[in-house]
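Analysis of the macromolecular model
Chain residues, written in single-letter form:
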Amino acid sequence: KAGVTQTPRYLIKTRGQQVTLSCSPISGHRSVSWYQQTPGQGLQFLFEYFSETQRNKGNFPGRFSGRQFSNSRSEMNVSTLELGDSALYLCASTPGTGKLFFGSGTQLSVL
Amino acid sequence: KQEVTQIPAALSVPEGENLVLNCSFTDSAIYNLQWFRQDPGKGLTSLLLIQSSQREQTSGRLNASLDKSSGRSTLYIAASQPGDSATYLCAVNDRGSTLGRLYFGRGTQLTVWP
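Described below are features of the structure shown in this document. On a predicted model such as this, the values are computed, not experimentally measured, just so you know.

**As for the environment of B:G60**
All names here are of chain B.
- Inspection of the secondary structure assignment puts G60 in the loop between β6 (56-59) and β7 (62-67).
- The exposure class assigned to G60 is exposed, which follows from its relative accessible area of 73%.
- When the C-alpha positions of G60 and A78 are compared, they lie 8.9 Å apart, and in sequence the two are 18 residues distant.

**Focus on the nonpolar core**
- Grouped together as the largest cluster of nonpolar side chains are 23 residues, with contacts concentrated most on B:L33, B:W35, B:L75 and B:I77.
- Broken down by secondary-structure element, the contributors of at least two residues to this core are β3 (19-25), β4 (30-38), β5 (44-51), β7, β8 (72-77), β9 (86-94) and β11 (108-113) of chain B.
- Ignoring anything within four residues of it in the chain, the contact list for B:L75 reads B:L19, B:V20, B:L21, B:W35, B:L47, B:L48, B:L62, B:N63, B:A64 and B:Y88.
- Residues A:L11, A:L46, A:A87 and A:C91 belong to the second largest nonpolar core, which totals 21 residues.

**Topic: the pairing of strand β8 (residues 74-78) of chain A**
All names here are of chain A.
- With respect to burial, β8 is a largely interior element, five of its five residues being buried.
- Neither face of β8 is left uncovered, since the one carrying S74, M76 and V78 and the one carrying E75 and N77 both have all their residues buried.
- Two elements, strand β3 (residues 19-24) and β8, share five bridges in a ladder whose sense is antiparallel. Note that in β8 the partner of S22 across the bridge is E75.
- Counting the residues that bridge the hairpin from strand β7 (residues 64-68) to β8 gives five residues, and of these S72 lies at a positive phi of roughly 75°.

**Some thoughts on the side chain of A:S33**
- Take A:S33: it is sitting in strand β4 (residues 31-38).
- The buried category is assigned to A:S33, whose relative accessible area is 1%.
- From its side chain, A:S33 meets the backbone oxygen of B:G100 in a polar contact 3.2 Å long.
- Those residues within four positions of A:S33 in sequence are excluded, and the remaining contacts are A:F45, A:F47, A:E48, A:L90, A:C91, A:A92 and B:G100.

**Re the sheet that holds β3(A)**
Residue and element names in this part refer to chain A.
- As summarised here, the arrangement of the four strands in space is β1-β3-β8-β7, forming an open sheet in which the pairing is antiparallel. The two strands at the open ends of the sheet, each matched to only one other strand, are β1 (5-7) and β7. Adjacent strand axes in the sheet meet at a mean angle of 20°, parallel and antiparallel pairs treated alike.
- Here β1 pairs with β3 via three bridges, running antiparallel. Note on β3: the bridge partner recorded for T5 is S24.

**Quick notes on the pattern of salt bridges**
Residue and element names in this part refer to chain A.
- On inspection of all chains with the given rule, the structure shows seven salt bridges over all chains.
- D85 is the partner of R63 in a salt bridge, and the nearest nitrogen-oxygen pair spans 2.8 Å. Here the residue R63 occupies a position in the loop between β6 (53-57) and β7, and D85 occupies one in the loop between β8 and β9 (87-94), the gap between them amounting to 22 residues. Just as R63 is buried, D85 falls in that class too.
- Residues E75 and R67 are paired through a salt bridge, measuring 3.3 Å at the closest nitrogen-oxygen approach.
- Given a relative accessible area of 16%, E75 falls into the buried group.

Procedures and definitions
- Residues numbered from 1 in each chain as written.
- Chains lettered and ligands numbered in written order.
- Predicted model: local features only at pLDDT ≥ 70, side-chain atom pairs only at ≥ 80, totals over all residues.
- Heavy atoms only, no water.
- Helix = DSSP H or I, 4+ residues; strand = E, 2+ residues; numbered from the N terminus.
- Buried < 20%, exposed > 50% of the residue type's maximum accessible area, 1.4 Å probe, protein only.
- Core = buried A, V, L, I, M, F, W, Y, C linked by side-chain atoms within 4.5 Å.
- Contact = heavy atoms within 4.5 Å.
- Pairing = 2+ DSSP bridges.
- Polar contact = N/O pair within 3.5 Å; in protein donor to acceptor, adjacent residues only side chain to side chain.
- Axes fitted to C-alpha atoms, helices over the stretch in contact; angles between N-to-C directions.
- Salt bridge = Lys/Arg side-chain N within 4 Å of Asp/Glu carboxyl O.

Right under this line is the structure:
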C-alpha cells in the first residue's frame with residue numbers, strides 16, 4: 001500500500017504570493033490533517049478534514065485554508081505569503097484508529 | 001490547553017546503551033499518546049501508539065509506558081544503534097477532540113555514535 005504522498009517536495013515563493021500544497025492519503029483513509037513545523041514553534045496543527053468537511057481547525061489566520069475532495073485527497077492554500085510562513089508542511093492520514101501516518105512534507109521557503 | 005514537554009532536548013550516547021526519553025503532558029484527559037521518529041527534513045514515522053486504557057506498548061527494542069494520572073510517558077530504547085539517531089517526538093490526542101488533532105512536544109534529538 002502506498003504511503004501518504006505530498007507534492008511538491010520543495011517550493012520557493014516570494015512574499016505576497018499564494019501557494020497550494022497537495023496531499024494524497026493512504027488508500028481507504030478518509031481523515032486528513034495538516035501540520036506546520038518550524039524550528040521556533042515546533043509542530044502545530046492547522047486543520048483536519050473528513051469526508052470533505054473540516055472537522056477541526058488550529059489557531060492560524062484566515063490566510064491558511066484547505067479542502068478535501070471526494071477521493072479524500074486534500075489541498076491546503078496559503079494566500080499573501082509572509083516570511084514567517086517558511087516551514088515544513090506535513091500532511092497525515094488516519095484510518096480511524098488514532099494512529100497517524102505522515103507524508104514526507106513540503107518544504108516551503110518564502111523569500 | 002494541552003501542553004507537552006519532552007526531556008532531555010538532546011542526548012548523545014555511545015552505541016549499545018539503553019536509553020530513556022521522557023514526555024509529560026498537562027491534561028490527563030487523553031485518548032491516546034503516540035511516539036514518533038523524525039529524520040532531518042523528513043516526515044514523521046509512528047513508532048508506538050498507547051491508548052489511554054493501556055499502560056505500555058512494545059515493538060522490538062522499543063518500549064513505551066504511560067502513566068495517565070501523573071501525565072507522563074517514557075520511551076525506552078534498548079541496545080541503541082547509530083541508526084537510531086533521529087528526533088523522537090511525543091504527541092497526545094485529547095479526549096473529546098478529533099483523532100487527527102495531536103499536541104506535540106518539541107522532541108528529543110538523539111545521536112548514537114559508534
